[in-house]
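Letter by letter, the chains look like this.
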Amino acid sequence: MKEIIFGMSDIELGDGSQTDDFASDDLLSKTILGFCSKKYKNIPITLVVNGDSFDFIRSSYKEKYPRYITTEVSLWKLERIYQAHKKVFDSYKKFSSIKKNTLVFVLGNHDMDVAFKDVQKKLREYINKSVQFPGFSYDKSSVHFEHGSQYDSLFYINPRRIFIDYNGKKILNLPWMTYGLFEYYMQYKVRYPMLDRIYPRNLILQKYSKLVKELNFGAFKYLIKTAVINQVRYYHDLTYRLSFKTMFNYLKRLLQNNYELLFEDQLKEVLATDNKIKVVVAGHSHEAKLQRKKGGYFVNTGTWREEYFVSSDGGSVTVKYKTYVEIHLKEDIVNKVLLHAVKKEV
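Just so you know, these numbers come straight off a predicted model, no measurement behind them. (Residues numbered from 1 in each chain as written. Predicted model: local features only at pLDDT ≥ 70, side-chain atom pairs only at ≥ 80, totals over all residues. Heavy atoms only, no water.)

## Considering the packing of helix α2 (residues 71-84) against helix α4 (residues 117-126)
Our working definition: Comment: axis = line fitted to C-alpha atoms, over the contacting stretch for helices; angle = value between 0 and 180 degrees taken between N-to-C directions. Helix and strand labels come from DSSP, where a helix needs a run of H or I of at least four residues and a strand needs a run of E of at least two; each type is numbered from the N terminus. Here the angle decides the label: under 35 degrees means roughly parallel, over 145 means roughly antiparallel, 65 to 115 means roughly perpendicular, and every other value means oblique. Handedness of a helix crossing follows the sense of rotation of the near helix relative to the far helix, less than a right angle counterclockwise being left-handed and clockwise being right-handed. In what follows, a contact means two residues having at least one pair of non-hydrogen atoms within 4.5 Å.
Where α2 contacts α4, the two axes come as close as 9 Å, and the packing angle between them is 25 degrees. Taken together, the axis directions place α2 and α4 in an arrangement best described as roughly parallel. For α2 against α4, the interelement crossing comes out right-handed. Contact residues: T71, S74, L75, L78, E79 and Y82 in α2; D118, V119, K122, L123 and Y126 in α4.

## Things to note about a nonpolar patch on the surface
Let me state the cut-off plainly: Exposure above 30% relative accessible area and the absence of a salt bridge qualify a residue for a patch, where like charges join within 9 Å and nonpolar side chains (Val, Leu, Ile, Met, Phe, Trp, Tyr) within 5 Å. Working definition of accessibility: Shrake-Rupley area with a 1.4 Å probe, residue cover restricted to the visible protein chains. Any carboxyl oxygen of Asp or Glu that lies within 4 Å of a side-chain nitrogen of Lys or Arg is treated as forming a salt bridge with it.
A grouping of F220, I224, V228 and I229 is seen on the molecular surface, where their side chains present a nonpolar patch of about 340 Å² in accessible area. Take V228: it is sitting in helix α7 (residues 209-233).

## Some points on helix α9 (residues 264-273)
Going by this rule: Accessible area is worked out with a 1.4 Å probe on protein chains only. A residue is then buried under 20% of its type maximum, exposed over 50%, and partly exposed in between. Here the arc refers to the set of directions running from the helix axis out to each C-beta atom.
Along α9, the residues that are buried comprise E264, L267, K268, V270 and L271. Take α9 and look down its axis: the buried residues cluster within an arc of 130 degrees, on one side only. In α9, those exposed residues whose orientation departs by more than 90 degrees from the buried face are D265, A272 and T273.

## Description of the sheet that holds strand β4 (residues 132-135)
The criterion, for reference: For two strands to count as paired, DSSP must find a minimum of two bridges between them.
Pairing within the open sheet is mixed, and its six strands lie in the order β4-β3-β2-β1-β15-β16. Looking at the sheet topology across the chains shown, the edges are occupied by β4 and β16 (333-342). Between one strand and the next, the sheet's axes are offset by a mean angle of 20 degrees, whatever the strand orientation. Pairing of strand β2 (residues 45-50) with strand β3 (residues 101-106) involves six bridges; the strand directions are parallel. From the neighbouring strand, I45 faces β3, where its bridge partner is N101.

## Some details on the packing of aromatic side chains
Each aromatic ring pair is characterised by the separation of its centres together with the angle its planes make. Spelled out, the test is: Each pair of aromatic rings taken from Phe, Tyr and Trp, with Trp reduced to its six-membered ring, is defined by centres within 6.5 Å and is described as stacked if the planes are under 30 degrees apart, edge-to-face if over 60, and tilted in the remaining cases. Lysine NZ or arginine CZ positioned within 6 Å of the ring centre and within 35 degrees of the ring normal marks a charge as sitting over the ring.
Within this structure, the stated rule accounts for 21 aromatic pairs. Both rings, one in Y138 and one in F145, keep their centres 6.5 Å apart while their planes meet at 45 degrees; by these two values the pair is tilted. Pair check on accessibility: Y138 and F145 agree, each one buried. Between the aromatic rings of Y234 and Y240, the centroid separation amounts to 4.2 Å while the plane-to-plane angle is 10 degrees, which identifies the pairing as stacked. Among the aromatic residues, those joined into a cluster by ring pairs are F54, F56, Y82, F89, Y92, F105, Y126 and F133. Sitting over the face of the ring of Y179, R67 holds its NZ or CZ atom 4.3 Å from the ring centroid.

## Here's the deal with the pattern of salt bridges
Taken as a whole and judged by the stated rule, the model has 18 salt bridges. Of the charged contacts, one joins R58 and D55 as a salt bridge, the two residues approaching to 2.8 Å between their closest N and O atoms. In this structure, R58 and D55 share a single accessibility class: buried. A salt bridge links D196 to R305; its shortest N-O distance comes to 3.4 Å. One end of the pair, D196, is in the loop between α5 (176-191) and β9 (198-199); the other, R305, is in the loop between β12 (296-300) and β13 (308-310), with 109 residues separating them in the sequence. Exposure remark for D196: the relative accessible area of 13% places this residue in the buried category. Each of E12, D21, D55, R58, K189, D196, R197, R305, E307 and K320 takes part in salt bridges that share partners, so that together they form one network.

## Quick word on the sheet that holds β9
Pairing between sheet strands relies on hydrogen bonds along the backbone, with the strands arranged either parallel or antiparallel. Strand order in the open sheet formed by three strands is β9-β13-β14, with mixed pairing between adjacent strands. Each of the sheet's edge strands pairs with one partner strand only, and the pair in question is β9 and β14 (317-319). With two bridges joining them, β9 and β13 adopt parallel strand pairing. Along β13, the bridge assignment pairs Y199 with F309.

## Remarks on the nonpolar core
Note the following rule: For this analysis, a nonpolar core means a set of buried residues of the types Ala, Val, Leu, Ile, Met, Phe, Trp, Tyr and Cys, connected via side-chain atoms within 4.5 Å.
Core analysis: the biggest nonpolar cluster contains 69 residues, and L47 and Y92 have the highest contact counts within it. Those residues within four positions of Y92 in sequence are excluded, and the remaining contacts are I11, I32, L47, V49, L103, F105 and I127. Listed in part, the 15 residues of the second largest apolar core include V104, V106, V279 and V299.

## Side note on the environment of N42
By the element assignment, N42 lies in the loop between α1 (25-34) and β2. Remark: the alpha-carbon pair of N42 and Q187, spanning 145 residues in sequence, is separated by 50 Å.

## Side note on unusual backbone geometry
Here H284, not a glycine, exhibits a phi torsion of approximately 75 degrees, which is positive. Mapped onto the secondary structure, H284 falls in the loop between β10 (279-282) and β11 (289-293). For H284, a relative accessible area of 3% gives the class buried. In this model, D332 sits at a positive phi of 70 degrees, which is unusual for a non-glycine residue. Mapped onto the secondary structure, D332 falls in the loop between β15 (322-330) and β16.

In structure tokens:
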């Protein structure tokens with residue numbers, strides 16, 4: 001029997017504020033509804049949203065970015081995300097209402113809030129009770145989906161300890177880097193919403209050297225504060241714990257001005273070590289690619305948030321394509337892998 005898997009990642013639906021990097025509701029909805037067309041009438045379709053489906057990190061809670069994320073905080077954020085992007089939710093609803101279709105949300109570092117059962121329940125209310133939440137990875141036949149953040153030391157989360165207790169409440173046990181985004185980076189994101197959406201990165205480093213120096217100096221101060229002062233002041237607070245490995249990797253990237261997300265080599269090892277896996281699909285880096293590797297294919301599905309390429313002279317700006325993968329299975333065997341690019345009309 002023939003089946004098709006569609007995969008996309010890093011959509012990052014936000015709360016509709018100036019820190020919301022997603023603005024392609026029409027394009028994404030049209031793409032998802034396209035999977036419901038007569039072309040696929042008798043073909044089972046699985047749509048895997050491979051992490052960072054929602055941007056809970058950059059969605060504020062009552063204009064603030066609290067450290068302690070409870071179910072109540074996550075549900076409040078989700079409601080704002082839903083109100084800002086109803087059209088996308090409606091397209092998910094239409095897709096999953098078709099009995100032969102399956103909708104899957106894999107966890108990423110921006111949407112760990114989806115690990116809360118009450119958040120999953122609310123998403124099923126918005127979309128369909130059949131929606132699946134498999135956790136950090138999803139496997140179908142010989143295809144393996146994983147966001148990639150679990151291979152990035154700055155964003156790693158212990159899957160056996162996603163939640164911890166704080167003052168009698170269950171909260172998310174987020175990685176140190178995410179707390180840094182809450183406490184330090186978001187003040188700059190509010191002031192410069194485009195800062196992390198322009199490529200190539202080295203051009204930004206060159207043209208805005210004063211701002212980069214300010215960011216790096218502040219980041220170094222934050223590291224000292226969290227690595228020394230907070231370890232003593234908040235010794236009993238698990239959210240402030242900082243491992244030497246994380247501190248070393250963060251400092252190394254800071255000194256090298258290296259803001260690239262390093263994880264793909266580890267994920268590619270899945271192809272080399274697991275004979276059952278023929279396609280590995282990742283996200284996280286926002287860099288779309290389809291590579292033929294020994295043992296199968298490695299795919300990164302890129303991103304759907306608004307990102308731009310600037311020419312070396314700064315004279316022209318190009319909108320980055322939105323991308324998704326299409327994988328054909330026949331009798332559970334992969335026989336076609338395609339990476340599609342769609343461009344937003346401006």
